[in-house]
Amino acid sequence: MEQSVHKKIIEMEQVSFAYDGDDSPVWQGLNCYFEEGTVNLLLGPSGCGKSTLLYMLNGIVPNFYEGKAEGHIWFRGEDILEKKTKDMVQYVGMVFQNPETQFCTFTVEDELAFGLENENAPRDEIDSRIDEVLDMVGMGTFRKSLLTSLSGGQKQKIAIASVLVMQSEILILDEPTANLDAVSRTEVFSLLKQLVDRYGKTIILVEHNLEQLLDKTGHVIVLDGQNKVCLEGSASHVLRNLVYNPEFRNLNIFLPEKYLIVKEWINALDRVPQVVDFRERQLAGRGEAILPIDEFAGLFQKLAVFSSVDTCSGTVHRPGDKVVEACGLGYAYRGREDAVLKRIDIRIESKDFVAVVGANGAGKSTFLKVLFRVLFPYQGSLRVGGKELDGYDKKLLYRDFGLVFQNPEDQFVTNKVYDELMFSLKKSGMGEAEKEKRVTDMLERFHLYSEREKSPFLLSQGQKRRLSVAAMLLTGQKVLILDEPTYGQDYDNQRELMELMRELNKEGVTIIVVTHDMALVADYADKVIVLADGKTEFCGPPEDIFDNMDAVKKGKLQIPSSLSFSRELRSYVEEIPSFFSRGRMTDYLIRCVKEV
Ligand SMILES: Nc1ncnc2c1ncn2[C@@H]1O[C@H](COP(=O)(O)OP(=O)(O)OP(=O)(O)O)[C@@H](O)[C@H]1O
Ligand SMILES: Nc1ncnc2c1ncn2[C@@H]1O[C@H](COP(=O)(O)OP(=O)(O)OP(=O)(O)O)[C@@H](O)[C@H]1O
């Protein structure tokens, strides 16, 4: 067992918890610990109880969300489970996924003063503490700013500052970058690292975007989805095991793209002696790098049969009917000086699988609202199905175009998961038995059957997202528009959802996905639209976008690590074609070596 230099700050001992009204417990006999003065990362499949665990660390569970808790959560010799939330506030501060749900005021200054004023802190102290935390998060010049004027990353920094201002030593964050573009995400991760290195804070977080986080993480806890911790230790120890150890290879855990490629490849070739040897050596931790690219390339060269395999690394344009055509489209919100959409030119055809990407605030959601006639453009034309949108019957528009909202809760209209899906079929004209069957099939397909009696609002984030997509899929629209469909999803659910979209696309449904997830773009989209500065910055196939550094920069996009990995590999083995996505590269590797 490896030794850590950090002390344990919180220890969970035989912790069990069941929400009131739930038959099965979320946790049963859980043991794990968190380390002081480092970044602690919690990984596990959707719905396994990560958020519940975080809420137990400051008493939100079971004090606000009630249920039966057993065991001990030790913090400095005391049991958190016996404390009230207010007793924990000075030690443990919580930052949620969406900073906007946390804000109670209008300006940065008022937001930071809010908690201190409630504690009747003297004005001088409030002032100096606000200056201090704004300095800590690098937002000193924004003290007087309106919260609405901040970018997503800046808002999240202020949410973190509002916890720091209370001088909590432990910061808990539940998927803090789920809605952020790549640049904002990097800023938040760097801030967390700085809070640890410079101010000795302890960070505990749940996060799916690991590309730039793992190297900043000190302690990782992996939950197996069956109430247990299955791996715990340093980031490199956990990573080695998740990539190379057959015992953990089927865990439904997100990893950066390049690790997923190696993991899938090693799994596929498990019985080849060279691969077994390579795997064992990596697992034993010989050599510093977890991904020794030279060795990997050498091994690949020995096994691969290049000539017989069709590389097919690009996307093929499949012409179809016109679905959406925007030309010089402009939209300005009332009261804002600058138009959000200045000149949008977009053409989407019926067979397209489109990804709409761009920085936070670029106007992606605004464009969707214009398309759904919630907002009306001041200039340009927008044609849908070959007709001017103005002349398109609204009823037909809603029948043909399905929208899955960014925030699933905005979509729920009933108080039971089962009823939510039945509601979608209300006007379908189907008989009761047929509706029931379809709903049951969908619940099973989306791993929601066991939750069917629950309120949609009490589901985990990942479950809520799956329910919102399932509700939209039941009715058979011609065009499906999904705003951030995969955030909060675990690896298996994300893949399953996207494979389903691909299937529907092949059956003729146009898919339009708004997303910050470039791995998803690279793997599934055949057309990418980058919005920046109110204009269409790029519209073309995904393999071209990551070479267009201007569009990458303006769209604040992150190049997936699968692309840099395949380029590095090519510097050793020229015969490997240039790839830009995990799926395409894994397929190729597996096809290459299947004759071994
Ligand atoms: N307030 C609540 N009342 C009843 N059940 C709940 C409540 N909150 C969560 N649950 C259930 O507890 C289980 C664990 O949920 P939790 O949100 O902790 O999981 P998670 O691992 O964070 O999931 P995700 O990654 O999808 O956000 C789920 O089955 C969920 O439906
Ligand atoms: N109702 C509104 N009134 C005024 N400004 C608004 C309104 N809604 C959005 N905005 C502003 O319009 C800009 C574009 O917002 P929009 O939500 O369309 O961006 P987005 O690209 O979808 O961003 P994200 O990736 O963060 O979801 C932002 O600066 C936002 O603050």
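All values reported here derive from a predicted model rather than from experimental measurement.

Basis of the calculations
Residues numbered from 1 in each chain as written. Chains lettered and ligands numbered in written order. Predicted model: local features only at pLDDT ≥ 70, side-chain atom pairs only at ≥ 80, totals over all residues. Heavy atoms only, no water. Near = heavy atom within 4 Å. Polar contact = N/O pair within 3.5 Å; in protein donor to acceptor, adjacent residues only side chain to side chain. Areas by Shrake-Rupley, 256 points an atom, 1.4 Å probe, with all protein chains shown as cover. Nonpolar A, V, L, I, M, F, W, Y, C, P; charged D, E, K, R; others polar. Domains from an automatic or database assignment. Pairing = 2+ DSSP bridges. Helix = DSSP H or I, 4+ residues; strand = E, 2+ residues; numbered from the N terminus. Expected span 1.5 Å × (residues − 1). Buried < 20%, exposed > 50% of the residue type's maximum accessible area, 1.4 Å probe, protein only. Contact = heavy atoms within 4.5 Å. Core = buried A, V, L, I, M, F, W, Y, C linked by side-chain atoms within 4.5 Å. 1 Å grid on protein atoms, 1.4 Å probe; cavity = no way out; pocket = protein on both sides within 12 Å on 5 of 7 lines; lining within 4 Å. Points joined across faces, edges and corners; volume = space filled by probe spheres on them.

Chemist: Go over the site of ligand 1, please, and point to the residues and values.
Modeler: Not every one of the 20 residues close to ligand 1 is listed here, only the nearest: Ser46, Gly47, Thr52, Lys454 and Ser460. Note that an oxygen atom of ligand 1 is positioned 2.7 Å from one of the side-chain N or O atoms of Ser46. One of the side-chain N or O atoms of Gln463 is found 2.9 Å from an oxygen atom in ligand 1. Protein coverage of the free-state accessible area of ligand 1, which is 640 Å², stands at 91%. Of the residues assigned to the shell around ligand 1, the class counts are seven nonpolar, nine polar and four charged. Split by domain, the shell around ligand 1 shows at least three residues from each of two domains, domain 1 (8–236) and domain 3 (322–558).

Chemist: Describe the pairing of strand S14 (residues 379–384), naming the residues involved and giving the relevant values.
Modeler: Strand direction decides the pairing type here: strand S11 (residues 322–331) and S14, joined by five bridges, are antiparallel. Within S14, the position partnered with Gly330 by the bridge is Gln379. As paired elements, S14 and strand S15 (residues 387–388) share two bridges and run antiparallel to each other. Bridging across to S15, Arg383 finds its partner in Glu388. Here S14 folds back onto S15 in antiparallel fashion, the turn holding two residues, of which Gly385 has a positive phi close to 55°.

Chemist: How would you sum up helix H16 (residues 461–473)? Please name residues and give values.
Modeler: Along its 13 residues, H16 runs 19 Å from first to last C-alpha, staying within 8% of the 18 Å computed at 1.5 Å per residue. Taking burial as the measure, the 13 residues of H16 include twelve buried ones, the bulk of the element. Along H16, the residues that are buried comprise Gly462, Gln463, Lys464, Arg465, Arg466, Leu467, Ser468, Val469, Ala470, Ala471, Met472 and Leu473. In this structure, the buried residues of H16 make contact with strand S16 (401–404), helix H14 (417–424), helix H15 (432–445), strand S17 (479–483) and helix H17 (491–506).

Chemist: Describe the site of ligand 2, naming the residues involved and giving the relevant values.
Modeler: Not every one of the 13 residues close to ligand 2 is listed here, only the nearest: Asn360, Gly361, Lys364, Ser365 and Thr366. Thr366 has a polar side-chain atom sitting 2.5 Å from an oxygen atom of ligand 2. One of the side-chain N or O atoms of His516 is found 2.9 Å from an oxygen atom in ligand 2. The fraction of the free accessible surface of ligand 2 (640 Å²) that becomes covered by protein chains is 67%. In the shell around ligand 2, the residues fall into four nonpolar, seven polar and two charged.

Chemist: Lay out the nonpolar core in plain terms, naming residues and giving numbers.
Modeler: Within the largest apolar cluster, 84 residues are counted, with the highest numbers of intra-cluster contacts made by Ile158, Ile160, Ile203, Leu242, Trp265 and Phe565. Summarising the domain contributions, this core has at least three residues from each of domain 1 (8–236) and domain 2 (256–303 + 564–592). Residue contacts for Trp265: discarding those within four places in its chain leaves Phe296, Leu299, Phe300, Leu303, Leu589, Ile590 and Val593. Listed in part, the 33 residues of the second largest apolar core include Met442, Phe446, Leu474 and Leu500.

Chemist: Before we move on, could you go through the domain arrangement of the chain and cite the residues and values that matter?
Modeler: Assigned domains of the chain: these are domain 1 (8–236), domain 2 (256–303 + 564–592) and domain 3 (322–558). Each of domain 1 and domain 2 has a C-alpha centre, and the two are 36 Å apart.

Chemist: So, the environment of Val521: which residues are in play, and what are the values?
Modeler: Within the secondary structure, Val521 is located in helix H18 (residues 518–524). Beyond its immediate stretch of four places on either side in the chain, Val521 contacts Ala355, Val357, Thr515, Val528 and Pro542.

Chemist: I'd like a rundown of empty space enclosed by the protein, residues and numbers included.
Modeler: Under the definition given, this model contains four cavities of 30 Å³ or more. Quantified by volume, the largest cavity comes out at close to 410 Å³. Lining of the largest cavity is provided by 27 residues; of these, Arg185, His208, Asn209, Phe254 and Asp517 occupy positions nearest its centre. Taken together, the residues of the lining of the largest cavity sort by class into ten nonpolar, ten polar and seven charged. Counting contributing residues, the lining of the largest cavity receives three or more from each of domain 1 (8–236) and domain 3 (322–558). Reported here for the second largest cavity is a volume of approximately 80 Å³. Looking at the second largest cavity, it is lined by 13 residues, and the ones nearest its centre are Leu43, Gly44, Glu207, His208 and Phe254.

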